[in-house]
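# What the coordinates show
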Amino acid sequence: GAGVSQSPRYKVAKRGQDVALRCDPISGHVSLFWYQQALGQGPEFLTYFQNEAQLDKSGLPSDRFFAERPEGSVSTLKIQRTQQEDSAVYLCASRIGGANYEQYFGPGTRLTVT
Amino acid sequence: AQTVTQSQPEMSVQEAETVTLSCTYDTSENNYYLFWYKQPPSRQMILVIRQEAYKQQNATENRFSVNFQKAAKSFSLKISDSQLGDTAMYFCAWNRDDKIIFGKGTRLHILP
C-alpha cells in the first residue's frame, strides 16, 4: 500500500515568507508526528497528534511554528515569517496505534530559507 | 537529559566485511524501545531493527543484529556481510511513549 507522502519535496522561501508543508499519513494511522532534521543532525521531535488532537507540541521551536490535523488525517505544518535557521528537512511519520507500533516516515520536505 | 550518543561520525568498510556501529544513550526510564534507522540519500528513514528494553535477548534481522547492554546503556549495531546498498546514514534512537530521540548519526560507506 501507499506509504507516508509529503509535499512539496523541496521548498525555497525568502526570509519572512510563510510556508505550509503537507503530510498525508498511511490510511488508518491514528498517530502522526513531525520532526525537524537540520543538516548533519538527527531528526528532532516537533509535535504529535492522535487523531485530530495535538497531544504534544513541546518540540516546536517558536510560536512561528503551527501544526494542525483538523480531520484526523492530513496534517499541515505551517511556519510563519521564516528565518534562515528554519532551513532543514521536515519529516512526517505516522503510526497505526500506540507506542509499541512502528513509526513510518515520509520522504521529507527540504526547506531552504534564503 | 535524555540523549543518544553516536561516537563514530563516519566509517568505511569493504564489501562483505562486518562492521559495528556504536551507540550509548541516557534515560531514567525502565521500559522503552531502542531503534536503529537507516537513512539513504533519498532521505527516507527506514527502520532496521528494534529492541524492547525489557527483553534480554538481542534482536536480529537477517544480516543485522544488536548488542544490547542495558546496565551500560549501550546499543550497538552489527552488520554482517555488508553490501553496497548498506551505504547510508545510520541513526540510533530510543522512545518510551511517543517521542523518538535520535542520535546525530554515523555515515557508513561500503566500498566495492
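Overview of the structure. (Residues numbered from 1 in each chain as written. Chains lettered and ligands numbered in written order. Predicted model: local features only at pLDDT ≥ 70, side-chain atom pairs only at ≥ 80, totals over all residues. Heavy atoms only, no water.)

### Quick notes on the overall build of chain A
Along the backbone of chain A there are zero helices and eleven strands. Computed over its C-alpha atoms, the radius of gyration of chain A comes to 13 Å, within 12% of the 13 Å expected for a compact globule of 114 residues. For chain A, with 114 residues in total, the buried portion stands at 46%. Contacts in chain A between residues far apart in sequence, at least 24 positions, make up 52% of those at least 6 positions apart. With the model as given, the accessible surface of chain A reaches about 5,500 Å², and the carbon-plus-sulfur share is 46%. (Helix = DSSP H or I, 4+ residues; strand = E, 2+ residues; numbered from the N terminus. Rg over C-alpha atoms; globule rule 2.2 N^0.38 Å. Buried < 20%, exposed > 50% of the residue type's maximum accessible area, 1.4 Å probe, protein only. Contact = heavy atoms within 4.5 Å. Areas by Shrake-Rupley, 256 points an atom, 1.4 Å probe, with all protein chains shown as cover.)

### Some words on the sheet that holds strand β8 (residues 75-79) of chain A
Residues and elements named next belong to chain A. Read from one edge to the other, the open sheet built from four strands follows the order β1-β3-β8-β7, with strand pairing classed as antiparallel. Edge positions in the sheet fall to β1 (5-7) and β7 (65-68), since each has one partner strand and no second. For this sheet, the mean inter-axis angle between neighbouring strands, taken without regard to orientation, is 15 degrees. (Pairing = 2+ DSSP bridges. Axes fitted to C-alpha atoms, helices over the stretch in contact; angles between N-to-C directions.)

### Some remarks on the interface of chain B and chain A
Counting residues at the interface gives 19 residues for chain B and 27 residues for chain A. Between chain B and chain A the total buried area reaches about 1,800 Å² when both faces are included, carbon and sulfur atoms providing 47% of it. Run the count over chain B and chain A and you get two salt bridges. Joining chain B to chain A, the criterion identifies eight residue pairs in polar contact (both at pLDDT 80 or more). (Buried area = accessible area lost by both parts, 1.4 Å probe. Salt bridge = Lys/Arg side-chain N within 4 Å of Asp/Glu carboxyl O. Polar contact = N/O pair within 3.5 Å; in protein donor to acceptor, adjacent residues only side chain to side chain.)

### Things to note about the side chain of B:Gln39
Of note, B:Gln39 is situated in strand β5 (residues 33-39). Since its relative accessible area comes to 8%, B:Gln39 is described here as buried. A polar atom in the side chain of B:Gln39 sits 3.1 Å from the backbone oxygen of B:Arg43. When residues no more than four places from it in sequence are discounted, the contact partners of B:Gln39 are A:Gln37, A:Leu91, B:Gln44, B:Met45, B:Ala88, B:Met89 and B:Phe91.

### Thoughts on the nonpolar core
The biggest cluster of nonpolar side chains holds 27 residues, and the ones touching the most others in it are B:Trp36, B:Phe75, B:Leu77, B:Tyr90 and B:Leu108. Counting residues per element, the ones that place at least two in this core are β2 (10-14), β3 (19-21), β5, β6 (46-52), β8 (64-69), β9 (74-79), β10 (88-95) and β12 (106-111) of chain B. Of the residues forming this core, the biggest block, four residues, is contributed by β10(B). Apart from the residues lying within four places of it in its own chain, the contact partners of B:Leu108 are B:Met11, B:Val13, B:Val19, B:Ile79, B:Asp86, B:Thr87, B:Ala88 and B:Tyr90. Residues A:Ala13, A:Leu60, A:Ile79 and A:Ala88 belong to the second largest nonpolar core, which totals 20 residues. (Core = buried A, V, L, I, M, F, W, Y, C linked by side-chain atoms within 4.5 Å.)

### Examining the packing of aromatic side chains
Between two aromatic rings, the relevant description is the distance of the centres plus the angle of the planes. Summed over the entire model, instances satisfying the criterion amount to 16 aromatic pairs over all chains. A ring pair is formed by A:Tyr35 and A:Phe105, whose centres lie 5.5 Å apart and whose planes are at 40 degrees; its orientation type is tilted. Of this pair, A:Tyr35 sits in strand β4 (residues 31-37) while A:Phe105 sits in strand β10 (residues 104-105), placing them 70 residues apart in sequence. As far as the burial class goes, A:Tyr35 and A:Phe105 line up, both buried. Ring geometry for A:Phe105 against B:Phe102: centres 6.2 Å apart, planes inclined by 75 degrees, an arrangement best described as edge-to-face. Placement of A:Phe105 in strand β10 and of B:Phe102 in strand β11 (residues 101-102) is noted, with the two residues assigned to different chains. Relative accessible area serves as the criterion here: at 3%, A:Phe105 is assigned to the buried category. Through pairs of rings, three or more aromatic residues link up here, namely A:Phe33, A:Tyr35, A:Phe45, A:Tyr48, A:Phe105, B:Tyr33, B:Phe35, B:Tyr37, B:Phe91 and B:Phe102. Sitting over the ring of A:Tyr10, B:Arg43 keeps its end group 5.2 Å from the ring centre. (Phe/Tyr/Trp six-rings, centres within 6.5 Å; stacked < 30°, edge-to-face > 60°. Lys NZ or Arg CZ within 6 Å of the ring centre and 35° of its normal.)

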